[in-house]
Amino acid sequence: MLLQAQTHNSTFIFRDKPVYKTATVAMTGIQNPKILSFGCSVGDEIATIKAFFPDSEVFACDIDEYVLGVAQKSAGHMATVFKSNVENIETHGPFDLIIASAVLCRNPANQVVEKFPFSQFHEMVSILDDQLASNGLLIITNASYRFADTAVAERYSIVRSDIMVPMNFVDVFAPDGTPFLIQKNVSSRKAYCQGPAFTLKDDEEIGDCMFKKDGGQLSVQDLIYLSPVPESFVEHCVFERSLSELKSSEKLESLIDVKVRHRLGVDIISGLKGYAEQYSWPSTVNSSKVHFRPETWHLLE
Ligand SMILES: C[S@@+](CC[C@H](N)C(=O)[O-])C[C@H]1O[C@@H](n2cnc3c(N)ncnc32)[C@H](O)[C@@H]1O
């Protein structure tokens, strides 16, 4: 029997657009994909999937009967909606894409180790892995544990893109329950501090949420560039904001001091206003370096 992981059911259409945009590229060549929304809540995620994958066959499950009823009513015409349990997932699988968004976690963080131990996370991930087709894509966002710590991870490669910025909102734990990343608020912005179990092989690993089956050994695929800054962009002014310069009521030991740089301007070929955005933070694997994410391009109109 499957346990309930996340007990909150908040959801909204077009949550995590950059993740979906990246998935459409990572799924290139898969016709009429079968997609599972694992933990669909009231069904907004079904509409998001249909928007990004119009030719997909969508399946959606939740463990909570009430939200499942709402999902059936509002989005049942776009998907096969069913109660989440191992038998039902097996009956409808295998899938080409499985999305577990804000499901494999517990709030508040002090309940995680007791109510949703790593063994439960591992079991759920294994069930999803069993029903993912070869070369299929597994998306796990906002999870209390890291996919990399599961035994199935060694068969997967990691998919990364310029537009997927590490933006989870839950604390992350090592399998033994030691904090890995601790979420804090800095002037109403989300910030992460390193917990005692924090260790990474590379700085990008902090935001990994997309995994391709049978890629092998959690190797990293080439980063997918989806929103490069056009050569015809002309900068008018620059604005930078780092977390550490903002006031915080909390103690922020081991803050990962993310800085966001905005170059504001115009694309002189199209005449459209926009901005180049770049995230960076002091490297957590090499203390003498700063980790820069690629710059991405955003239109204002
Ligand atoms: C915060 S909502 C996320 C909704 C949607 N995936 C999104 O990202 O917007 C979490 C949902 O996961 C569901 N959930 C928790 N444990 C589950 C399980 N074992 N199987 C399926 N759904 C589960 C909850 O009932 C809840 O509706």
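Residues numbered from 1 in each chain as written. Predicted model: local features only at pLDDT ≥ 70, side-chain atom pairs only at ≥ 80, totals over all residues.

- The name that an unreviewed UniProt entry assigns to the protein chain is Class I SAM-dependent methyltransferase, with the source organism given as Pseudovibrio brasiliensis.

1. Here's the deal with the sheet that holds strand β9 (residues 189-194)
Move 1: In space, the 3 strands of this open sheet follow the order β7-β8-β9, with antiparallel pairing throughout. Edge positions in the open sheet fall to β7 (172-173) and β9, since each of these has one partner strand only.
Move 2: Of the pairings in the sheet, the one linking β7 to strand β8 (residues 179-186) comprises 2 bridges and is antiparallel in character. Opposite phenylalanine 173, over in β8, you have proline 179 as the bridge partner. (Pairing = 2+ DSSP bridges. Helix = DSSP H or I, 4+ residues; strand = E, 2+ residues; numbered from the N terminus.)

2. Some remarks on the environment of serine 161
Move 1: Examined against the element boundaries, serine 161 turns out to sit in the loop between β6 (156-158) and β7.
Move 2: For serine 161, a count of 23 C-beta atoms within 10 Å gives the class buried.
Move 3: Leaving out residues up to four positions away in the same chain, serine 161 has contacts with Thr22, Leu223, Ile224 and Leu226. (Buried ≥ 20, exposed ≤ 12 C-beta atoms within 10 Å, placed from the backbone. Contact = placed C-beta atoms within 7 Å.)

3. Focus on the UniProt feature "domain: Methyltransferase" (unreviewed entry) in the protein chain
Move 1: Mapped onto this numbering, the UniProt entry annotates "domain: Methyltransferase" (unreviewed entry) at residues 35-106.
Move 2: When the span residues 35-106 is considered, its composition is 38% helix and 31% strand, and the gap between its end C-alpha atoms is 24 Å. (UniProt positions renumbered as here; feature names shortened; annotations may be inferred.)

4. A few points about the domain arrangement of the protein chain
Move 1: Here the domain parsing of the protein chain yields domain 1 (17-164 + 209-213) and domain 2 (233-299).
Move 2: A separation of 30 Å is found between the C-alpha centroids of domain 1 and domain 2. (Domains from an automatic or database assignment.)

5. Considering the nonpolar core
Move 1: In this structure, Ala23, Ala60, Ile98, Ala100, Leu104, Ile139 and Met210 are the most contacted members of the largest nonpolar core, which totals 69 residues.
Move 2: Ignoring any residue separated from it by four or fewer positions in sequence, one finds alanine 100 in contact with Phe38, Gly39, Leu128, Ile139 and Ile140. (Core = buried A, V, L, I, M, F, W, Y, C linked by C-beta atoms within 7 Å.)

6. So, the environment of leucine 272
Move 1: Along the chain, leucine 272 turns up in strand β13 (residues 272-282).
Move 2: What makes leucine 272 partly exposed here is the crowd of 13 C-beta atoms within 10 Å.
Move 3: A sequence separation of 39 residues divides leucine 272 from phenylalanine 233, and the C-alpha atoms of the two residues are 9.4 Å apart.

7. Regarding unusual backbone geometry
Keep in mind that most residues, glycine aside, have a negative phi and that most peptide bonds are trans.
Move 1: Proline 94 follows glycine 93 through a cis peptide bond whose omega is -5 degrees.
Move 2: The residue proline 94 is located in the loop between α4 (86-92) and β4 (95-101) in this model.
Move 3: In this chain, asparagine 107 is followed by proline 108 through a cis amide linkage whose omega measures -5 degrees.
Move 4: Here proline 108 shows up in the loop between β4 and α5 (112-115).
Move 5: Residue aspartate 16 is not a glycine yet carries a positive backbone phi of 60 degrees.
Move 6: One can find aspartate 16 in the segment before α1 (17-26).

8. Examining the pairing of strand β10 (residues 210-213)
Move 1: Where strand β5 (residues 132-141) lies against β10, 3 bridges are found, and the strand directions are antiparallel. Considered in β10, the bridge of leucine 137 is made with lysine 212.
Move 2: Bridge count for β6 against β10 is 3 bridges, and the pairing is antiparallel. For tyrosine 156, the partnering residue across the bridge sits in β10 and is lysine 213.

9. Structural notes on the environment of glycine 274
Move 1: With respect to the helices and strands, glycine 274 occurs in strand β13.
Move 2: Each C-alpha atom of the pair glycine 274 and valine 234 lies 9.5 Å from the other, and the pair is 40 residues apart in sequence.

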